[in-house]
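What the coordinates show
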Amino acid sequence: LVLFISMLSLTLLLLFLALFPGAFSCCTKISDEIPKGILRRVERFEIQKADGLCHLEAVILYIEGRKFCVSPRIRKVKKLMKKNKHRTPRKGTHGRKQRRTKTVKKKEKKQ
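This structure is a prediction, so every number in the text was calculated from the model and none was measured. (Residues numbered from 1 in each chain as written. Predicted model: local features only at pLDDT ≥ 70, side-chain atom pairs only at ≥ 80, totals over all residues. Heavy atoms only, no water.)

Before going further, it helps to spend a moment on the packing of aromatic side chains. Considering all chains together, one arrives at 0 aromatic pairs under this definition. In this structure, Arg44 packs its charged tip against the face of Tyr62, placed 3.9 Å from the ring centre. (Phe/Tyr/Trp six-rings, centres within 6.5 Å; stacked < 30°, edge-to-face > 60°. Lys NZ or Arg CZ within 6 Å of the ring centre and 35° of its normal.)

The pairing of strand β2 (residues 58-63) with strand β3 (residues 66-70) spans 5 bridges and is antiparallel. Bridged to Leu61 within β3 is Phe68. With antiparallel pairing between neighbouring strands as the criterion, β2 and β3 make up a hairpin whose turn holds 2 residues, including Glu64 at a positive phi of roughly 50°. (Pairing = 2+ DSSP bridges. Helix = DSSP H or I, 4+ residues; strand = E, 2+ residues; numbered from the N terminus.)

Here we take up the state of the cysteines. As enumerated under the stated definition, the model contains 2 disulfides in all. Between the sulfur atoms of Cys26 and its disulfide mate Cys54 the distance is 1.9 Å. The sign of the -70° torsion about the S-S bond sets the Cys26-Cys54 disulfide as left-handed. A residue pair is termed long-range when its members are at least 10 positions apart, and Cys26 in the loop between α1 (2-19) and α2 (36-40) and Cys54 in the loop between β1 (44-48) and β2 qualify at 28 residues. Exposure remark for Cys26: the relative accessible area of 16% places this residue in the buried category. Disulfide pairing is shown between Cys27 and Cys69; the S-S distance is 2.0 Å. Judged by the torsion about the S-S bond (-70°), the Cys27/Cys69 disulfide is left-handed. (Disulfide = S-S within 2.5 Å. Buried < 20%, exposed > 50% of the residue type's maximum accessible area, 1.4 Å probe, protein only.)

Structure, rendered in structure tokens:
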């Protein structure tokens, strides 16, 4: 009986996670201030709406594998989002933006 209940609980938990993948990744607290140094290192960001599973409007900033939840009303955050609107990846993308390297062609010497 105990094994049956634990298996049923595990099955229900996995079903819940499959149906509502964002349920455990919502921001529950947000910061109203953020230092400029942190904003310079933002790799990507996501906008959390106050509807659906998450009950708080927030901007999620990803920096070096960590996430920071900040208020979308911060002027510096608004500026960051406007400036980088075209670079906002969709959920599920990972990794850093690759740095472009300049290729220099060597001139051949004529003899």
